[in-house]
Amino acid sequence: MTIFLRNRRAGAAATAMALALASLAALAGTATPASASGPAATATASAPDPAASAALTLPRPTGPYATGRDTLFLTDHERTDPWVPAAGARRLLVSLHYPARPGSGSDPAPYMPEAEARLMLAQRGLDDPEWPGLVAATRTSSRTDARPAPGRFPLVLLSPGFGTPRATLTGLAEELASRGYVVATADHPYESTGTELPDGRVLTCAACDEVDAQPDDAGRRKVLAAVSAGRAADFSFLLDRLTGPRPAWRHARTIDARRVGMAGHSIGGNAAASTMAADRRVDAGVNMDGTFFDPVAARGLDGRPFLMLGTDPGHTPGAGDTSWDEGWARLDGFKRWLTVRDSGHFTFTDTPAIGEQLGIVDPDAPLSAARSTAITRAYVTAFFDRSLRGRPARLLEGPTPAHPEVLFQRP
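Below or above, wherever it landed, is the structure these notes cover. (Residues numbered from 1 in each chain as written. Predicted model: local features only at pLDDT ≥ 70, side-chain atom pairs only at ≥ 80, totals over all residues. Heavy atoms only, no water.)

### Looking at the overall build of the protein
Here's step 1: Looking only at helices and strands, one finds 10 helices and 14 strands in the protein.
Here's step 2: In the protein, of all internal contacts separated by at least 6 residues, the share reaching a separation of at least 24 is 75%.
Here's step 3: Per element, the accessible surface of the protein, about 15400 Å² overall, is 53% carbon and sulfur. (Helix = DSSP H or I, 4+ residues; strand = E, 2+ residues; numbered from the N terminus. Contact = heavy atoms within 4.5 Å. Areas by Shrake-Rupley, 256 points an atom, 1.4 Å probe, with all protein chains shown as cover.)

Pasting the structure below:
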């Protein structure tokens, strides 16, 4: 995967990063790195892009609800952090997006801390000194302190790619919240380039270091399988804290605990299957372009529905990532295997929308930000509407002229 930056040239550090990430890409059997969710970067320079100096924005959600956002910092005293045991108990930072009353709330919710943006960009070989501030200040559509809309809503859990902050799934979270879902997106400490704690400390990716320290592909795959299984434990704990008798969230009464789904990008998509195998409370799952390092359970998922949404041709049947073929054979409920033409590993995140505004061009993933956003929103929402609300989902019945890039795979 090659990325061209319209407004600066990468130096030796970016080239080294490109080589390191390219070597890890083979692990997933695609052009996408497995251990760090960043593309291999080769940059070229041209005239400065005016868009890079303007405020960045996420596409506005399309549902009927306004959206609010809260943040939780949770500690699981029953578990020691698996990557840095000396840190003590496992902790989670969680963004909660929810349907809100129109006109309520105060300021727009911030996108991500600047320290997290700087580390994320540096990991991808993008070192323009202005960009961390621009990315951190990306405008969202959610408001802090917004009053919840009346009613009870299904819950969707979201898990980001390995090495990637939870903020990169904000656009999808806002869309689902605007359509009547409560959405909990978790940062898994020491599994991201940077996670800023409430006290200002920033935790870096110790799990990435563990992957890089392995002597061979088998060792790296074993660590990545542990990442996915560990996230299943994280989300079971999170469900306890959101839906148990003493919930941690002030608006927990808006959650309908009988209807729970989970989606994730990259390793987060694998974690959706891992969580469903470990926790019967999760009723449906979506894997967005993630290798099943932790295989789908041999027994299946007890008939629960699952969507695999990935790149084309990287995740077509018989392509490099054979874990999808194996996973498909084990899924035993309603299932769909969709691939998207001209897409890249980050098509299903905020990366296309933000990158396009910064003047970043990826010739290996020419699908526009607008189409990337529309496709991801449409199919993920349709799947959860069908699975958690029992609504018809004609979009999942077969190809449609509205989305010609989406291919239905029938192995």
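### Some thoughts on the pattern of salt bridges
Here's step 1: Under the defined criterion, the tally for this structure stands at 22 salt bridges.
Here's step 2: When the shortest N-O distance is used, the salt bridge between arginine 250 and aspartate 70 registers 2.8 Å. A residue pair is termed long-range when its members are at least 10 positions apart, and arginine 250 in the loop between helix H6 (217-243) and strand E9 (255-265) and aspartate 70 in strand E2 (residues 66-80) qualify at 180 residues.
Here's step 3: Accessibility expressed as a relative area gives 47% for arginine 250, which makes it partly exposed.
Here's step 4: Taking the relative accessible area as the measure of exposure, aspartate 70 reaches 9% and is therefore buried.
Here's step 5: The salt bridge partner of arginine 258 is aspartate 256, with a shortest N-O separation of 3.0 Å.
Here's step 6: Assessed through its relative accessible area of 66%, arginine 258 is described here as exposed.
Here's step 7: Ionic contacts of the salt-bridge type, sharing partners, join the residues Asp76, Arg79, Asp81, Arg90, Glu191, Arg231 and Asp234 into one network. (Salt bridge = Lys/Arg side-chain N within 4 Å of Asp/Glu carboxyl O. Buried < 20%, exposed > 50% of the residue type's maximum accessible area, 1.4 Å probe, protein only.)

### Describing helix H9 (residues 351-358)
Here's step 1: If you check which residues of H9 are buried, you get Pro352, Ala353, Ile354, Gly355 and Leu358.
Here's step 2: Structurally, H9 contributes buried residues whose contacts are with helix H3 (131-136), strand E13 (360-361) and helix H10 (369-389).
Here's step 3: Two residues or fewer past H9, glycine 359 is found with a positive phi of approximately 85°.

### Considering the packing of H6 against helix H7 (residues 267-278)
Here's step 1: It is at 8 Å that the axes of H6 and H7 come closest, and there the two elements cross at 55°. When the axes of H6 and H7 are compared, the pair comes out oblique. Of the two elements, H6 crosses H7, and the hand of that crossing is right-handed. Along the contact surface, H6 presents Leu224, Val227, Ser228, Ala229, Arg231, Ala232 and Phe235, while H7 presents Ile267, Gly268, Asn270, Ala271, Ser274, Thr275 and Ala278. (Axes fitted to C-alpha atoms, helices over the stretch in contact; angles between N-to-C directions. Parallel < 35°, antiparallel > 145°, perpendicular 65-115°, else oblique. Left-handed = near helix turned anticlockwise from the far one by under 90°.)

### Description of the packing of aromatic side chains
Here's step 1: In total, this model carries eight aromatic pairs according to the counting rule given.
Here's step 2: Between tryptophan 328 and tryptophan 337, the aromatic rings sit 5.7 Å apart at their centres with planes inclined by 55°, giving tilted as the arrangement.
Here's step 3: On the accessibility criterion, tryptophan 328 (14% relative accessible area) is buried.
Here's step 4: Its relative accessible area of 1% is what places tryptophan 337 among the buried residues.
Here's step 5: Ring-pair connections join several aromatic residues into one group, and the members of that group are Phe292, Phe306, Trp324, Trp328 and Trp337. (Phe/Tyr/Trp six-rings, centres within 6.5 Å; stacked < 30°, edge-to-face > 60°.)

### Thoughts on the packing of helix H4 (residues 170-178) against H10
Here's step 1: In the contact formed by H4 and H10, the axes pass within 10 Å of each other and the chain directions differ by 50°. With respect to their mutual orientation, H4 and H10 come out oblique. For the element pair H4 and H10, the recorded crossing hand is right-handed. Of the residues in H10, those touching H4 at Gly171, Leu172, Glu175 and Leu176 are Thr376, Arg377, Val380, Thr381 and Phe384.
Here's step 2: Looking at side-chain class alone, the contact of H4 with H10 contains four nonpolar, three polar and two charged residues. (Nonpolar A, V, L, I, M, F, W, Y, C, P; charged D, E, K, R; others polar.)

### Here we look at the sheet that holds strand E3 (residues 89-100)
Here's step 1: Ordered by their spatial adjacency, 10 strands build an open sheet running E4-E2-E3-E6-E5-E9-E10-E11-E12-E14, and the pairing between neighbours is mixed. With partners counted over all chains shown, the strands left at the sheet margins are strand E4 (143-144) and strand E14 (406-408), one partner each.
Here's step 2: As judged from the 12 bridges shared by E2 and E3, these two strands associate in the antiparallel manner. Counted as the bridge partner of glycine 68 is tyrosine 98 from E3. (Pairing = 2+ DSSP bridges.)

### Observations concerning the state of the cysteines
Here's step 1: This structure, assessed with the given rule, holds one disulfide.
Here's step 2: In this model cysteine 205 forms its disulfide with cysteine 208; the gap between the sulfur atoms is 2.0 Å. Across the disulfide from cysteine 205 to cysteine 208, rotation about the S-S bond amounts to roughly 70°, and the bridge is consequently right-handed.
Here's step 3: Among the residues examined, cysteine 205 registers a relative accessible area of 8% and is labelled buried.
Here's step 4: By relative accessible area, cysteine 208 is classed as buried at 10%. (Disulfide = S-S within 2.5 Å.)

### Some points on the environment of aspartate 321
Here's step 1: Mapped onto the elements of the fold, aspartate 321 is located in the loop between strand E11 (306-312) and helix H8 (322-330).
Here's step 2: Note: C-alpha distance between aspartate 321 and threonine 291 (30 residues apart in sequence) is 6.8 Å.
Here's step 3: Engagement of the side chain of aspartate 321 in a polar contact is seen with the side chain of histidine 315, the distance being 2.7 Å. (Polar contact = N/O pair within 3.5 Å; in protein donor to acceptor, adjacent residues only side chain to side chain.)

### Digging into the pairing of E11
Here's step 1: Counting buried residues along E11, seven of its seven residues qualify, which places the element largely inside the surrounding structure.
Here's step 2: Bridging between strand E10 (residues 284-288) and E11 involves four bridges; their strand directions are parallel. Bridging from a neighbouring strand, glycine 285 pairs with phenylalanine 306 of E11.
Here's step 3: Examined bridge by bridge, E11 and strand E12 (residues 335-341) share seven bridges and lie parallel to one another. Its bridge partner lying in E12, leucine 307 is registered against arginine 336.
Here's step 4: Handedness of the crossover joining E11 and E12 through H8: right-handed. (Right-handed = clockwise from strand over helix to strand, strands pointing away.)

### Side note on unusual backbone geometry
Here's step 1: Omega for the peptide link from aspartate 312 to proline 313 comes to 15°, which places this bond in the cis form.
Here's step 2: Topologically, proline 313 is positioned in the loop between E11 and H8.
Here's step 3: Even without being a glycine, serine 266 presents a positive backbone phi close to 60°.
Here's step 4: Relative to the assigned elements, serine 266 resides in the loop between E9 and H7.
Here's step 5: Overall, the relative accessible area of 6% leaves serine 266 in the buried class.
Here's step 6: A positive phi angle, near 65°, is found at aspartate 342, a position not held by glycine.
Here's step 7: By secondary structure assignment, the location of aspartate 342 is in the loop between E12 and H9.

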